[in-house]
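Chain residues, written in single-letter form:
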Amino acid sequence: MRLPVLDKNFYPMIKALNDFDAEVKKSGNPVEVTIVAERSGGYNYVYKYNALADGVNDALNFRVAERIAKTILWVVGGFKLSIAGSKSIYEYLKQAYTMEGIRAFDVDFMSGVYEKPFEVEWLEDGKVEQKNVSIQVGGHLNGCRIGFDAGGSDRKVSAVINGEVVYSEEVVWNPKVTEDPTYHYNEILTAMKTAASKMPTVDAIGVSSAGVYIDNKIMVASLFIKVDKSKHGDYVKNMYINVAKEMSKEYGKEIPLEVANDGDVTALAGAIDLEDNGVLGIAMGTSEAVGYINQSGGINGWLSELAFAPVDFNEGAMQDEWSGDFGVGCKYFSQDAVIKLAEYGGYKFEEGLTPAQKLKVVQAMMENGDGLAQQIYEDIGVYLAHTIPFYAKFYDIKHMLLLGRVMGGKGGDVILATCKQVLAEEYPEFATIDIGLPDENNRRVGQSIAAASLPACK
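These numbers were taken from a predicted model, which means no experiment stands behind them.

About the thresholds
Residues numbered from 1 in each chain as written. Predicted model: local features only at pLDDT ≥ 70, side-chain atom pairs only at ≥ 80, totals over all residues. Heavy atoms only, no water. Salt bridge = Lys/Arg side-chain N within 4 Å of Asp/Glu carboxyl O. Helix = DSSP H or I, 4+ residues; strand = E, 2+ residues; numbered from the N terminus. Axes fitted to C-alpha atoms, helices over the stretch in contact; angles between N-to-C directions. Parallel < 35°, antiparallel > 145°, perpendicular 65-115°, else oblique. Contact = heavy atoms within 4.5 Å. Nonpolar A, V, L, I, M, F, W, Y, C, P; charged D, E, K, R; others polar. Pairing = 2+ DSSP bridges. Expected span 1.5 Å × (residues − 1). Buried < 20%, exposed > 50% of the residue type's maximum accessible area, 1.4 Å probe, protein only.

Right, let's talk about the pattern of salt bridges for a bit. Across all of its chains, the model carries 23 salt bridges by this definition. The shortest N-O distance in the salt bridge between E378 and R2 comes to 3.6 Å. Highlighted residues: E378 in helix α11 (residues 371-391) and R2 in the segment before α1 (13-27), separated in sequence by 376 residues.

Between α1 and α11, the least distance of the axes is 7 Å, while the angle of their chain directions is 60°. Considering their axes alone, α1 and α11 lie oblique with respect to each other. In contact with M13, I14 and L17 of α1, α11 contributes H386, P389 and F390. Residues of the contact of α1 with α11, tallied by class, amount to five nonpolar, one polar and no charged.

Read across the sheet, four strands follow the order β2-β1-β3-β4 without closing on themselves; strand pairing throughout is mixed. Sheet topology places β2 (44-51) and β4 (119-122) at the edges, where each strand pairs with a single neighbour. Strand-to-strand twist across the sheet, computed as the mean angle between neighbouring axes with direction ignored, equals 20°. Where strand β1 (residues 31-38) and β2 come together, eight bridges link them in antiparallel fashion. If you follow V33 over to β2, its bridge partner there is Y49. Sitting on the sheet, helix α2 (residues 58-76) touches β1, β2 and β3 (80-84), and the angle it makes with β2 is about 160°. Those strands touched by helix α3 (residues 87-96) are β1, β2, β3 and β4, and its axis lies near 165° from that of β4.

In this section: helix α12 (residues 409-426). Under the 1.5 Å per step criterion, the end-to-end length of α12 is 26 Å for 18 residues, consistent within 8% with the ideal 26 Å. Taken residue by residue, α12 has G411, G412, V414, I415, L416, T418, C419, V422 and L423 as its buried positions. On the buried face of α12, the contacting elements are α10 (355-367), α11, β16 (399-403) and β17 (434-436).

Spatially, the five strands line up as an open sheet ordered β8-β7-β6-β9-β12, and their pairing is mixed. Since the sheet does not close on itself, it has two edges, and those belong to β8 (164-172) and β12 (257-261), each with one partner. Strand after strand, the sheet turns through a mean of 15° between neighbouring axes, direction not considered. As paired strands, strand β6 (residues 144-150) and strand β7 (residues 154-161) are joined by seven bridges and run antiparallel to one another. Residue pairing across strands places F148 opposite V157, the latter belonging to β7.

Here the focus is the environment of G381. Note on placement: G381 falls in helix α11. In sequence terms G381 and G138 are 243 residues apart; their C-alpha atoms lie 31 Å from each other. What G381 contacts, discounting residues up to four positions off in sequence, is I415, T418 and C419.

The next point concerns the environment of G147. Here G147 shows up in strand β6. What makes G147 buried here is its relative accessible area of 2%. Distance from G147 to Q421, taken between C-alpha atoms, is 37 Å for residues 274 residues apart in sequence. Ignoring sequence-local partners within four residues, the contact set of G147 consists of K156, V157, S158, G206, S448, A451 and A452.

Here's what the structure looks like:
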């Protein structure tokens, strides 16, 4: 098995699960465990696997169960986990998912998103039917539309008339370091009004923004990380809804609004460009952002916050400062991965550089043909190749789009080429997945059109 050169202890989740499965088969006494994650609207996700019988190797049993449960939660989302098949695994997860347990961050996050206390319950019977939803989004191009893309460092807005971008602008802003939420509101409203001024009217507003959104409400978003939590309900939660109301008042009609996670909008832009579905988009930037358009051209109503989903089973893997967990995606598919691997390779950055500046240093090294930089990008390609089969346990992937600052320049080409090579060698059954980078036009204009196309006109 080809593994990263600079990260010698990388233990891919897919290999860990395969090794565990072999151990279970060897034991001769497997127990079927069912894990159900329940989310809003009565929808759920059901995952079944064979585990070791209680008492055989409880430490391994618990760790595998916890990693699977964690992945399901950050792929699908949910406010409740239900466990059948093993009372000891249930007891372990019930303790882990408390405010005193190892998954306190997850409990707090999911409780905030779904506005319900998080719980873990025992199921007597594992015969649970999965209840799915596929929400059709986008593809509405009629009329005069505003497409707004809320990035962490710049905000983009486009005026789109019948699918044609008639105006587009990017404006630098500082949402992540600003405490006053009226700043965010005024910046968003200014962008909307600027785009509106380029069209005879406004028929719909579509928003692409990092974070978790339910019914156009901002549940969790890093753009508002500095805003006092006590102000969230009054000022942040309904911000896009209130902006749309103000625009509606100005035009004397109700303007439909649709807010979607930027990862899903990226995948939607890809699906529109490819004229096909089954698209998983992964943006490697400050963190890892993911979106998915399913095989029927809709979204699943899932979180797809894979920055917090494990990809490395190694207990000594790098720790994520925010969630406190080890071996999760944000440290493998982001600028942090580039920095980590550079330091593993013995490179010492100048004092005082930001992560974005450190990434630029490595990118410059890559452009100059530096061997360490080449190895860094090859290793990220290896990470990705071993992670795709794990992601494919949850997503039906036909196309994969790779975006973000890390994919820029020669390094992005190395990541892509290495990933394809390792996938073909190690996992030939997944080598048919179409993996690529969107062209520059689709990245810039495609995202705007996709955002603008989110709502249907009334």
